[in-house]
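Remarks on the overall topology
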Amino acid sequence: MSANEKLLDVDHVTVSFHIGSFLAGGQLVAVNDVTFALYADKPEIYSIAGESGSGKTTLANVLLHDLEPTEGKVTFEGRDLSTLKSRRDSMQFMAKVQPVFQNPFETFSPLRRVEEYLVETAMQFGRAKNRRDAAKVADEALHQVGLSLAEVSRRYPHELSGGQIQRVSVARALIPNPRLILADEPVSMVDASLRMAIVNLFKKLRDEQKVSVIYITHDLATAYYISDRIAIMLRGVVVESGPVENVLGNPLHPYTQLLQESVPKPAATEREQWAQHIELGSTEVREYGRLGCKYAGRCPHVMDVCKTKVPPEQEVEGRTIRCFLYNDGAMPETASPVQTGNLETA
Ligand SMILES: Nc1ncnc2c1ncn2[C@@H]1O[C@H](COP(=O)(O)OP(=O)(O)OP(=O)(O)O)[C@@H](O)[C@H]1O
Ligand SMILES: [Mg+2]
């Protein structure tokens, strides 16, 4: 393995959906020219954060090869995902890139014991030839998440707590020995008190198993805590990305500044804090349809150019940013932290 070899290469990926009626509809660009890479010799936790309806799950579906991008391409271990056609190729890819979903109760059938599910996964991905070996593989995976087969084997999903079942779903994802775990809102249905335990698992997997994790979340508090790098997504566009200590420690994009100010302290008020953004859903399609910066309608620093031109990606102070305030990499004199509660939705 050579240095800087890419594990995952996301190259100018765009996904457009046709929305509205057949005749009166338009295009919604749910993922808009997204580029980033993860490196084979440097496992890391890469977070994708942003409010509801920003294209995070759509991007995740492209990375899992469940959805073909409209433009651009995704390469995993040097192979363009659009060339994965046979079942064998798909299985090999799926073994290496495993999802963890928001609702573990949807991942597991309520009618089957947890053990059967794990054993079957081990057999399906060729980790074991018989049930006995598969049970061993399942037990090892469960130990990675602080459980054991003895604890969960006879149980049905509803007989486990939310925190336990989500740990089982991480264990299930580990069974094929993946290089990348793609976790879409894995803790949003777990009590705040248990979230840290789950996200700490990702850290442990990165450090001990050298597994990379793409962590998709609304929850900037946990993202700040576990990420190496973070991308802030708004209406399909990555507006700011880079090392988490730069992007969240010293946000430059007015949208990141707004999000960062609403990071809950204490954590209990998190939902309410986020609700103010989520309620902006009515503006969602309108923001997607904006010509220039998707944040122009809410940004306290908006300038004329923001309404008509797409801000290009630029490197500023150790991160990549799309914002005209930092045009040509120059720091603006007017950039002051965004005041929250000033959400203009024009
Ligand atoms: N199949 C589809 N057809 C049309 N529009 C879609 C489709 N899938 C997603 N969208 C739209 O694309 C946008 C992005 O949706 P997506 O689910 O990717 O957002 P998200 O960031 O994951 O949101 P959340 O945080 O609520 O999970 C939304 O406006 C959504 O309505
Ligand atoms: Mg989503």
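Residues numbered from 1 in each chain as written. Chains lettered and ligands numbered in written order. Predicted model: local features only at pLDDT ≥ 70, side-chain atom pairs only at ≥ 80, totals over all residues. Heavy atoms only, no water.

We now examine the overall build of the protein. Secondary structure summary: the protein contains 14 helices and 12 strands in total. Within the protein, buried positions represent 51% of all 346 residues. Element-wise, carbon and sulfur atoms account for 51% of the exposed surface of the protein, whose accessible area totals about 15800 Å². (Helix = DSSP H or I, 4+ residues; strand = E, 2+ residues; numbered from the N terminus. Buried < 20%, exposed > 50% of the residue type's maximum accessible area, 1.4 Å probe, protein only. Areas by Shrake-Rupley, 256 points an atom, 1.4 Å probe, with all protein chains shown as cover.)

Turning our eyes to something else, we now look at empty space enclosed by the protein. All told, the structure shown has two cavities of 30 Å³ or more when counted by the stated rule. The calculated volume of the largest cavity comes to roughly 70 Å³. Lining the largest cavity are 13 residues; nearest its centre among them are Pro 254, Cys 293, Cys 299, Cys 306 and Cys 323. Class assignment of the residues belonging to the lining of the largest cavity gives a composition of 11 nonpolar, two polar and no charged. (1 Å grid on protein atoms, 1.4 Å probe; cavity = no way out; pocket = protein on both sides within 12 Å on 5 of 7 lines; lining within 4 Å. Points joined across faces, edges and corners; volume = space filled by probe spheres on them. Nonpolar A, V, L, I, M, F, W, Y, C, P; charged D, E, K, R; others polar.)

A few words now on the sheet that holds strand 12 (residues 319-321). As summarised here, the arrangement of the eight strands in space is 6-7-8-3-9-10-12-11, forming an open sheet in which the pairing is mixed. Of all strands in the sheet, those bounded by a partner on one side alone are strand 6 (97-100) and strand 11 (314-316). Each adjacent strand pair in this sheet contributes to an overall mean axis angle of 20°, direction not counted. Pairing of strand 6 with strand 7 (residues 180-184) involves four bridges; the strand directions are parallel. Counterpart to Pro 99 in the pairing with strand 7 is Leu 182. Across the sheet, helix 2 (residues 87-96) lies against strand 6 and strand 7, angled at about 60° from strand 6, the strand it touches most. (Pairing = 2+ DSSP bridges. Axes fitted to C-alpha atoms, helices over the stretch in contact; angles between N-to-C directions. Contact = heavy atoms within 4.5 Å.)

Let's shift gears to the sheet that holds strand 5 (residues 79-80). Strand order in the open sheet made by the four strands is 2-1-4-5, with antiparallel pairing throughout. Strands with a single pairing partner mark the edges of an open sheet, and in this sheet they are strand 2 (26-39) and strand 5. The pairing of strand 4 (residues 71-76) with strand 5 spans two bridges and is classified as antiparallel. Bridge assignment links Phe 76 to a residue of strand 5, and that residue is Arg 79. Each of strand 1 (6-19), strand 2 and strand 4 touches helix 1 (residues 56-63); the most contacted strand, strand 1, lies at about 125° to it.

Once that is clear, we can look at the side chain of His 253. Tracing the chain through its elements places His 253 in the loop between helix 10 (244-247) and helix 11 (254-261). Polar contacts involving the side chain of His 253 include one to the main-chain amide nitrogen of Tyr 255, which spans 3.0 Å. Not counting residues up to four positions away in its chain, the partners in contact with His 253 are Val 239, Glu 240, Cys 293, Tyr 295, Ile 321, Arg 322, Cys 323 and Tyr 326. (Polar contact = N/O pair within 3.5 Å; in protein donor to acceptor, adjacent residues only side chain to side chain.)

All buried positions along helix 4 (residues 114-124) are accounted for by Val 114, Glu 115, Tyr 117, Leu 118, Val 119, Thr 121 and Ala 122. Within two residues after helix 4, Gly 126 carries a phi angle of roughly 70°, on the positive side.

Surrounding ligand 1, one finds 16 residues, the nearest of these being Ser 52, Gly 53, Lys 56, Thr 58 and Glu 284. Lys 56 places a side-chain nitrogen or oxygen 2.8 Å from an oxygen atom of ligand 1. In this structure, His 218 approaches ligand 1 through a side-chain N or O atom, which is 3.0 Å from an oxygen atom. About the coverage of ligand 1: the protein hides 65% of its 640 Å² of free accessible area. Counting residues per element, the ones that place at least two in the shell around ligand 1 are strand 1, strand 2, helix 1 and helix 13 (284-288). In terms of residues, the shell around ligand 1 owes the most to one element, helix 1, which gives three residues. (Near = heavy atom within 4 Å.)

For the structure on display, the rule yields 17 salt bridges. Measuring nitrogen to oxygen at the nearest pair gives 2.8 Å for the salt bridge that ties Arg 179 to Glu 77. With Arg 179 in the loop between helix 7 (162-174) and strand 7 and Glu 77 in the loop between strand 4 and strand 5, this pair connects stretches of sequence that are 102 residues apart. The class of Arg 179 is partly exposed, set by a relative accessible area of 25%. The class of Glu 77 is partly exposed, set by a relative accessible area of 33%. We note a salt bridge from Arg 79 to Asp 89, for which the minimum N-O separation is 2.8 Å. Highlighted residues: Arg 79 in strand 5 and Asp 89 in helix 2, separated in sequence by 10 residues. A relative accessible area of 32% means that Arg 79 is categorised as partly exposed. (Salt bridge = Lys/Arg side-chain N within 4 Å of Asp/Glu carboxyl O.)

Moving on to the packing of aromatic side chains. Going through the model one piece at a time under the given rule, you end up with five aromatic pairs. Each ring, one from Phe 202 and one from Tyr 215, has its centre 6.2 Å from the other, and the planes form 50°; the classification is tilted. Taken as a pair, Phe 202 in helix 8 (residues 192-209) and Tyr 215 in strand 8 (residues 212-217) lie far apart in primary sequence, 13 residues in all. When the ring centre of Tyr 225 is taken as origin, the NZ or CZ atom of Lys 203, which lies over that ring, is 4.3 Å away. (Phe/Tyr/Trp six-rings, centres within 6.5 Å; stacked < 30°, edge-to-face > 60°. Lys NZ or Arg CZ within 6 Å of the ring centre and 35° of its normal.)

Within the secondary structure, Ser 153 sits in the loop between helix 6 (149-152) and helix 7. Under the relative-accessibility criterion, Ser 153 is labelled buried at 12%. For the pair Ser 153 and Val 114, spaced 39 residues apart in the sequence, the C-alpha separation amounts to 6.1 Å. Residues in contact with Ser 153, not counting those within four places in the same chain, are Arg 113 and Glu 115.

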